[in-house]
Amino acid sequence: MRVPNSRFCLLLVVLAIMVTQSSISQNFVHSKNQNLIPNPSFEATNAAIARLDMEMQNFGIIKDWKASINSPDAYHPRLDDIRFIHKAPNFLKQFGAQEPRTGEGKVGMYIAGGPYKEGVTAKLKQPLSKGKYYYFHMYVSLGEGISNSCTSSIGSYFTARRPKITTTSRFPLNIESSKIVCNTKGWTKVCGVYRAKGTEKYISLGYFSDSPKGKSVKGGGFDTAYYFVDDVLLMEMRDTKNLASSQVCDMALDFSPVEFLVGESEAYKEIQKALDSYIQYVTIFKVSTVKIIGHADDAGSSFENEIMSAMRASNVKKYFVEQGIDESLIEIVAAGDTMPVVTTGSNLDPESNNRIEIKIE
């Protein structure tokens, strides 16, 4: 087996696989399974959509969500199935062309004061527990087509009953963006931590007071801002000791395999850096199992490759335990060379098969 010339190269490899090689990123499902938000990406639609008769308001197509005030907009391919009583062909196009962050669905809403504010509401999958901390995020993008301003007054509001929000309501957001969101080309995460009273069953997204904080993007004072919203997550936290909200919001929630150099199995400094994101996640959230799967390329015999993959998984487990992860949560699997992500004819480097994958459930 070849021996690497410099461990510095490994840092570049780790960063490259985590950032650029999304085609081999692993399927991380824990946060999806723990998400208390129904239909979090606005993909599912109501079954009776083809029988609906609507005017300009279209939000009724989105399953599990209702308009909490005024008329937020649904963006979804199934809008073509609606029998609109009156339909302006370019009505939705005027707000902007931002693609959904994931999937095909997204929603849009005005963030403004007084009678022009909009929002959406959903019943949580289960009520929040008293005294527990919950991680929340949603992704937003400013609709450049019609927005005169941008704002930080966008976030979430938790209630025990379906809220009765009116144009004169002045409900403070429980979680609000920490910065003004003016990005029209990509998606910005609005994030925070919420401590539950124990009565909350509903979540509303938007802005529900009358004096939003923001700035003009076209000159003049603050007017109105229109935002697209996608990918909402609410998940119970297990431990918040010594953690600031900003630290939690910077935490990784999507992970890629961690690549080893050929012939290496130690979890040394650069490998540890990549593993620390997993460790932070397992420390903070409720986790039942952590499966560490070691892999190897096919350079040696099948037996040698199985041993190498087992050493990689064992060394990663050792580091997890040293960092305070309960050993009883951890399972290791030696896959050897039986599960290559790079096969003959692939444009990717076959050395990417030298990796560990971590599946958290």
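These numbers were taken from a predicted model, which means no experiment stands behind them.

Rules behind the numbers
Residues numbered from 1 in each chain as written. Predicted model: local features only at pLDDT ≥ 70, side-chain atom pairs only at ≥ 80, totals over all residues. Heavy atoms only, no water. Helix = DSSP H or I, 4+ residues; strand = E, 2+ residues; numbered from the N terminus. Contact = heavy atoms within 4.5 Å. Areas by Shrake-Rupley, 256 points an atom, 1.4 Å probe, with all protein chains shown as cover. Core = buried A, V, L, I, M, F, W, Y, C linked by side-chain atoms within 4.5 Å. Buried < 20%, exposed > 50% of the residue type's maximum accessible area, 1.4 Å probe, protein only. Axes fitted to C-alpha atoms, helices over the stretch in contact; angles between N-to-C directions. Parallel < 35°, antiparallel > 145°, perpendicular 65-115°, else oblique. Left-handed = near helix turned anticlockwise from the far one by under 90°. Phe/Tyr/Trp six-rings, centres within 6.5 Å; stacked < 30°, edge-to-face > 60°. Pairing = 2+ DSSP bridges. Expected span 1.5 Å × (residues − 1).

Quick look at the overall build of the chain
And step 1. Within the chain, the secondary structure is distributed over 5 helices and 18 strands.
And step 2. Across the chain, the fraction of contacts at a sequence separation of at least 24, relative to all contacts at a separation of at least 6, is 82%.
And step 3. Put simply, the chain shows about 17400 Å² of open surface, and 49% of that area lies on carbon and sulfur atoms.

Here's the deal with the nonpolar core
And step 1. Trp65 and Leu205 are the most contacted members of the largest nonpolar core, which totals 49 residues.
And step 2. With 7 residues, strand 14 (residues 225-236) is the largest single contributor of residues to this core.
And step 3. Formed by 34 residues, the second largest nonpolar core is a distinct cluster that contains Cys191, Cys249, Leu253 and Ile330.

As for the packing of helix 4 (residues 269-284) against helix 5 (residues 302-322)
And step 1. Packing of helix 4 against helix 5 leaves a shortest axis separation of 11 Å and a crossing angle of 60°. Between helix 4 and helix 5, the angle is such that the two are oblique. With respect to the hand of their crossing, helix 4 and helix 5 are arranged in right-handed fashion. Here Gln272, Leu275, Asp276, Tyr278 and Ile279 of helix 4 lie close against helix 5, whose contacting residues are Val316, Tyr319 and Phe320.

Focus on the packing of aromatic side chains
And step 1. This structure, assessed with the given rule, holds 13 aromatic pairs.
And step 2. Summarising the aromatic geometry, the rings of phenylalanine 158 and tyrosine 194 are spaced 4.4 Å apart at their centres and angled 20° between planes, so their arrangement reads as stacked. With a gap of 36 residues between them, phenylalanine 158 in strand 9 (residues 155-159) and tyrosine 194 in strand 11 (residues 188-195) connect regions that are remote in the sequence. This pair shows no difference in class: phenylalanine 158 is buried, exactly as tyrosine 194 is.
And step 3. Summarising the aromatic geometry, the rings of phenylalanine 255 and tyrosine 278 are spaced 4.3 Å apart at their centres and angled 20° between planes, so their arrangement reads as stacked. One end of the pair, phenylalanine 255, is in the loop between helix 3 (245-249) and strand 15 (258-259); the other, tyrosine 278, is in helix 4, with 23 residues separating them in the sequence.

Here we look at the sheet that holds strand 14
And step 1. The strand order 3-5-14-7-11 describes an open sheet built from 5 strands, whose pairing is antiparallel. With one partner strand each, in any of the chains shown, strand 3 (73-75) and strand 11 form the two edges of the open sheet. For this sheet, the mean inter-axis angle between neighbouring strands, taken without regard to orientation, is 35°.
And step 2. Relative to strand 5 (residues 106-111), strand 3 is paired through 3 bridges, and the arrangement is antiparallel. If you follow aspartate 73 over to strand 5, its bridge partner there is glycine 108.

Some words on helix 4
And step 1. Look at helix 4: 22 Å from first C-alpha to last across 16 residues, which is about the 22 Å you get at 1.5 Å a residue.
And step 2. Buried within helix 4 we find Glu270, Ile271, Ala274, Leu275, Tyr278, Ile279, Tyr281, Val282 and Ile284.

What to know about the environment of leucine 36
And step 1. With respect to the helices and strands, the residue leucine 36 is situated in the loop between helix 2 (30-34) and strand 1 (53-54).
And step 2. Separated by 91 residues in the primary sequence, leucine 36 and proline 127 place their C-alpha atoms 8.8 Å from one another.
And step 3. Dropping the residues within four chain positions of it, leucine 36 is found in contact with Leu124, Lys125, Gln126, Leu128, Tyr134 and Leu234.

Section: the sheet that holds strand 18 (residues 355-360)
And step 1. Judged by pairing direction, the sheet is mixed, and its 4 strands sit side by side in the order 15-18-16-17 without closing on themselves. The outermost strands of the open sheet, each flanked by one partner alone, are strand 15 and strand 17 (330-334).
And step 2. Where strand 16 (residues 290-294) and strand 18 come together, 5 bridges link them in antiparallel fashion. Bridge pairing in strand 18 links glycine 294 to isoleucine 356.
And step 3. Its contacts with the sheet put helix 5 on strand 16, strand 17 and strand 18, and the angle it makes with strand 17 is roughly 165°.

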